[in-house]
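# Chain and residue survey
For reference, the chains in residue letters:
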Number of protein chains: 2
Amino acid sequence: EQENKALLTALKGKETITADGRKIKLYANMGNVSDLAAVLQNDAEGIGLFRSEFLYLEKDRFPTEEEQFQIYKNVAETMAGKRVIIRTLDIGADKQADYFQLEKEENPAMGYRAIRICLEQPEIFKTQLRAIFRASAYGNISIMYPMIISKEEIKKIRQIVEEVKADLEELGVPYGKVEQGIMIETPAAAVISDELAKEVDFFSIGTNDLTQYTLAIDRQNAKLDVFYDAHHEAVLRLIEMTVANAHKAGIWAGICGELGADTELTERFVNMGIDELSVAPGCILPIRKIVREMDRA
Amino acid sequence: EQENKALLTALKGKETITADGRKIKLYANMGNVSDLAAVLQNDAEGIGLFRSEFLYLEKDRFPTEEEQFQIYKNVAETMAGKRVIIRTLDIGADKQADYFQLEKEENPAMGYRAIRICLEQPEIFKTQLRAIFRASAYGNISIMYPMIISKEEIKKIRQIVEEVKADLEELGVPYGKVEQGIMIETPAAAVISDELAKEVDFFSIGTNDLTQYTLAIDRQNAKLDVFYDAHHEAVLRLIEMTVANAHKAGIWAGICGELGADTELTERFVNMGIDELSVAPGCILPIRKIVREMDRA
Ligand SMILES: [Mg+2]
Ligand SMILES: [Mg+2]
């Protein structure tokens, strides 16, 4: 135990690279500003999933652009040039703040949520995008959009983003170069990932949702545990297809769901060509260890 | 209108075959015994989806083996040698009879339903299977299982079926040759359809559920209509993959969801190599017309 801890500590500052020279971006997931200490302590190479929902869930009203900007700026500055991928609002009838006034739904997991809310209520979306773009002047910020199923959605997003950028330019507010990616977490997105890859800068595979939709099993429903298979072959094939399609289009692909931290699968993912794994801070060093011990030469 | 009706009537008794000679099985969906008249009137070549749930939903207790047997036998006899595909119980927390005592679920569409209930409560399943096998002595009956996601489920089903057959044999009760297929209505099943095809006699693609899981959109939720695309490319690709994998394994594949009756897609499905379309009785002749007008030579 003690020995293992020392071994891991020795990996801080080291690269996440296989013995045969393939480098993996090893990022951390963050669900709150208070996670930042653990992110730094565990030597994350970036933040692969900044769950911006918490900003909304901890309030009894929409967070203002200024409030959001301060937090994004703070994270970007603290990460000091390392990539910070902010996922835009991912909320729905099952996980919401009252002030959103979302109606109760029969199947909230397949409901009005995430990017669907942002596209139907663009004033909410624009406030967040303005805050993110303003913060991008202070670090290395990327954006990713959750629950995408089509190119049409990406086109609508692009249009709103262009409006936000034009507004900022008109006001003389600086912003940085912001990469824009999408979550691949619906079977639809995985299956047409060849098409989607042409529209974005990167993919981040959300394995929790991807698995529940692929298997048609609510991952919260304990009654279905006997049917649930976290390593279902269909999910692994969709991941592999997504990575291959990303590379064909010249973009990178990572995993930010729980499967990304599943050490039984690390080798398989690296062999698929995965470019990034974003995991809970405490999983960073154990995964770095596995990757560094891999030798496919 | 009048003219069109006459044209369609003239198609009764005709084959469903393209001008270049490719034959399609054109079957009817049935949701109740009272649909049988329409099935015959519209010259269905078989019943591609007999929704056995109605037997359960119209009662305040489980239908007995004898009650089920009489109904299946009646349908099989009435169809006089034409194929009757009985789908086993497809029920869940969102569509149930009280006596099932299913607990309320957060996401019933991805919940404890269909084959999952049958595998966890095999006494319910066995009663239905015994009734179906007994009826198979009186006509051309096939069985299909809903909501399959894995080979393991098929193996468990096979084991229960063998027990049922052994029981009947011991009692000297006759039964016919019963083909057994599965619904392909989860993304998982479509993605591993190459594996599943080795385990069954046919596939029937349930496009309604397949679409809702693939898009992660509850098809009953009107709020999502703006995002729903019934002709989403991902769904069409999964259908095409399923048909190709069926053929590779030497089995046939059909469609029994709403998309099967979508005349905008009939040509596309025939070109994919679909073997069967099972549709509402009133759609039989219009689709036969389209198929007969197709010439790919
Ligand atoms: Mg998600
Ligand atoms: Mg279904």
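Above this text you will find the structure in question.
What this report covers is the structure whose coordinates are included nearby. (Residues numbered from 1 in each chain as written. Chains lettered and ligands numbered in written order. Predicted model: local features only at pLDDT ≥ 70, side-chain atom pairs only at ≥ 80, totals over all residues. Heavy atoms only, no water.)

Here the focus is the pairing of strand 6 (residues 202-205) of chain A. Residue and element names in this part refer to chain A. Residues Phe202 and Ser204 of strand 6 are buried on one face, and the alternating residues Phe203 and Ile205, pointing to the opposite face, are buried as well. The pairing of strand 5 (residues 179-184) with strand 6 spans four bridges and is parallel. Bridge pairing links isoleucine 184 to isoleucine 205 in strand 6. One ladder, built from four bridges, connects strand 6 with strand 7 (residues 252-255); its direction is parallel. (Buried < 20%, exposed > 50% of the residue type's maximum accessible area, 1.4 Å probe, protein only. Helix = DSSP H or I, 4+ residues; strand = E, 2+ residues; numbered from the N terminus. Pairing = 2+ DSSP bridges.)

Interface extent is often summarised as the accessible area lost during association of the parts. Counting residues at the interface gives 41 residues for chain B and 41 residues for chain A. At the boundary of chain B with chain A, total buried surface from both sides reaches about 3,700 Å², with 62% on carbon and sulfur atoms. Of all residues in chain B, the largest losses of buried area upon contact with chain A belong to Met110(B), Phe227(B) and Arg237(B), amounting jointly to 19% of the total for that side. Applying the counting criterion to the chain B and chain A interface returns five salt bridges. For Glu195(B), the salt bridge is made with Arg237(A), and the minimal N-O distance between the two is 3.7 Å. At the boundary of chain B and chain A, one finds 20 residue pairs in polar contact (both at pLDDT 80 or more). (Contact = heavy atoms within 4.5 Å. Buried area = accessible area lost by both parts, 1.4 Å probe. Salt bridge = Lys/Arg side-chain N within 4 Å of Asp/Glu carboxyl O. Polar contact = N/O pair within 3.5 Å; in protein donor to acceptor, adjacent residues only side chain to side chain.)

On to the coordination of the magnesium ion (ligand 2), then. By definition of the ideal shapes, a tetrahedral metal site with four donors has angles of 109.5 degrees and an octahedral site with six donors has angles of 90 or 180 degrees. All names here are of chain B. Every protein donor of the magnesium ion (ligand 2) is accounted for by Glu185 (OE) and Asp209 (OD), and the metal-donor separations fall at 2.1 Å. Taken together, the residues glutamate 185 in the loop between strand 5 (179-184) and helix 8 (187-191) and aspartate 209 in helix 10 (residues 207-215) connect sequence positions 24 residues apart. Residue glutamate 185 is classed as buried on the basis of its relative accessible area of 2%. (Donors = N, O, S within 2.8 Å, 3.2 Å for Na, K, Ca; no water.)

Moving on to the nonpolar core. Grouped together as the largest cluster of nonpolar side chains are 195 residues, with contacts concentrated most on Ile239(A) and Ile239(B). Look past the residues within four positions of Ile239(A) in its chain and what remains in contact with it is Ile205(A), Thr207(A), Leu210(A), Ile255(A), Leu259(A), Phe269(A) and Met272(A). (Core = buried A, V, L, I, M, F, W, Y, C linked by side-chain atoms within 4.5 Å.)

With that settled, the discussion passes to the environment of Pro63(A). Residues and elements named next belong to chain A. Mapped onto the elements of the fold, proline 63 is located in the loop between helix 3 (53-57) and helix 4 (65-78). Taking relative accessible area as the criterion, proline 63 reaches 3% and is therefore assigned buried. Sequence spacing of proline 63 and leucine 196 is 133 residues, and the spatial spacing of their C-alpha atoms is 31 Å. Once you skip the residues sitting within four places of it in the chain, proline 63 turns out to touch Leu55, Tyr56, Gln68, Tyr99 and Thr127.

Residues and elements named next belong to chain B. Packing of helix 1 (residues 2-9) against helix 13 (residues 284-293) brings their axes to within 9 Å, and their N-to-C directions diverge by 80°. On the basis of the axis angle, helix 1 is roughly perpendicular to helix 13. Along its contact with helix 1, which presents Asn4, Leu7 and Leu8, the element helix 13 presents Leu285, Pro286 and Lys289. Within the contact of helix 1 with helix 13, the residues separate by chemical class into four nonpolar, one polar and one charged. (Axes fitted to C-alpha atoms, helices over the stretch in contact; angles between N-to-C directions. Parallel < 35°, antiparallel > 145°, perpendicular 65-115°, else oblique. Nonpolar A, V, L, I, M, F, W, Y, C, P; charged D, E, K, R; others polar.)

The next subject is the sheet that holds strand 8 (residues 276-279) of chain A. All names here are of chain A. The strand order around the closed barrel built from eight strands is 1-2-3-4-5-6-7-8, with neighbouring strands paired in parallel fashion. Ignoring which end each strand starts from, the neighbouring axes of this sheet average 25° apart. Across three bridges, the pairing between strand 1 (residues 25-30) and strand 2 (residues 46-51) is parallel. Bridge pairing in strand 2 places methionine 30 opposite phenylalanine 50.

Moving on, we come to the packing of aromatic side chains. Overall, the coordinates contain 20 aromatic pairs over all chains when judged by the stated rule. With centroids separated by 5.9 Å and ring planes inclined at 65°, the aromatic side chains of Phe69(B) and Tyr138(B) adopt a geometry described as edge-to-face. Of this pair, Phe69(B) sits in helix 4 (residues 65-78) while Tyr138(B) sits in the loop between helix 6 (122-135) and strand 4 (140-145), placing them 69 residues apart in sequence. Residue Phe69(B) is classed as buried on the basis of its relative accessible area, which comes to 7%. Grouping aromatic residues by their ring pairs yields a cluster made of Tyr56(A), Phe62(A), Tyr99(A) and Phe100(A). Just above the ring of Trp252(B) sits the side chain of Lys25(B); from NZ or CZ to the centre is 5.0 Å. (Phe/Tyr/Trp six-rings, centres within 6.5 Å; stacked < 30°, edge-to-face > 60°. Lys NZ or Arg CZ within 6 Å of the ring centre and 35° of its normal.)

Moving on: the sheet that holds strand 6 (residues 202-205) of chain B. Residues and elements named next belong to chain B. Pairing in this closed barrel of eight strands is parallel, and the strands run 1-2-3-4-5-6-7-8 around the ring. Taking each pair of neighbouring strands and ignoring which way they run, the sheet shows an average axis angle of 25°. Along the sheet, helix 6 makes contact with strand 3 (83-87) and strand 4, crossing strand 4 at roughly 155°.

A separate point is helix 7 (residues 151-171) of chain A. Side chains that are three or four residues apart share a direction in an α-helix, a result of its 3.6 residues per turn. All names here are of chain A. For helix 7, built from 21 residues, the straight-helix expectation of 30 Å at 1.5 Å per residue is met to within 8% by its first-to-last C-alpha distance of 30 Å. All buried positions along helix 7 are accounted for by Glu153, Ile154, Ile157, Ile160, Val161, Val164, Lys165 and Leu168. Burial along helix 7 is one-sided: seen end-on, the buried residues are contained in an arc of 140°. In helix 7, the exposed positions angled more than 90 degrees off the buried face are occupied by Glu152, Gln159, Glu169 and Glu170. Along its buried surface, helix 7 packs onto helix 5 (115-120), helix 6 (122-135), strand 4 (140-145), strand 5 and helix 9 (193-196). Positive backbone phi, approximately 70°, marks glycine 172, located one or two places after helix 7. (Expected span 1.5 Å × (residues − 1). Arc of directions from axis to C-beta.)

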